[in-house]
Amino acid sequence: MPAQDNTGDRIALLQGTLDLLILKILLFGPRHGQGVARSIQRQSEEVFFVDHGSLYLALQRLEDKRWISAKWGVSDNNRKARFYSLTAKGRQQLTEKTSEWQRLTRAMGLILDGDPSSEEV
């Protein structure tokens, strides 16, 4: 499915955020790099677009940390591709990083949604 041409509406991903999203996508089973990128784009309703260079650097970084593993296989379109899987260590990191992200987004929400005039000075 081609991406919509609304690049102004897309949001760049920070390194740690991309790592977390990759771990989450792989929780549901092995995927090749393009499959990971498409899943992130689709599940974010086309808001996130993962640059291929960033994606493959992140996959390599996660593999180096042993949070994911990779093996060669054949994709749906009959091409040789590396398929990435979540490791036990990666599952642990996914749990920890998800908790951190939820705390962060809650704190951001408190500030952004709060009424500054109701604070004590």
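Structural data are supplied above this passage.
Undergrad: How should I be thinking about unusual backbone geometry in this particular structure?
TA: The general pattern is negative phi for most residues beyond glycine and trans for most peptide bonds. Unusually for a residue other than glycine, E46 sits at a positive phi of about 70 degrees. Residue classification places E46 among the buried positions, given a relative accessible area of 13%. In this structure, N78 takes a positive phi of about 65 degrees despite not being glycine. Mapped onto the elements, N78 comes out in the loop between β2 (68–74) and β3 (80–86). The exposure class assigned to N78 is exposed, which follows from its relative accessible area of 66%.

Undergrad: For this particular structure, what's the right way to read the side chain of S39?
TA: Considering the arrangement of structural elements, one finds S39 in helix α2 (residues 33–43). Within the local environment of S39, its side chain forms a polar contact with the side chain of R31, the two groups lying 3.4 Å apart. Not counting residues up to four positions away in its chain, the partners in contact with S39 are I25 and R31.

Undergrad: Looking at this model, I keep getting lost on the sheet that holds strand β1 (residues 31–32). Mind explaining?
TA: In a beta sheet, neighbouring strands pair by backbone hydrogen bonds and run either parallel or antiparallel. If you walk across this open sheet you meet the three strands as β1-β3-β2, and the pairing is antiparallel. Each having just a single partner strand, β1 and β2 make up the two edges of the open sheet. Bridge count between β1 and β3: two bridges; the pairing is antiparallel. From the neighbouring strand, R31 faces β3, where its bridge partner is Y84.

Parameters and conventions
Residues numbered from 1 in each chain as written. Predicted model: local features only at pLDDT ≥ 70, side-chain atom pairs only at ≥ 80, totals over all residues. Heavy atoms only, no water. Buried < 20%, exposed > 50% of the residue type's maximum accessible area, 1.4 Å probe, protein only. Helix = DSSP H or I, 4+ residues; strand = E, 2+ residues; numbered from the N terminus. Polar contact = N/O pair within 3.5 Å; in protein donor to acceptor, adjacent residues only side chain to side chain. Contact = heavy atoms within 4.5 Å. Pairing = 2+ DSSP bridges.

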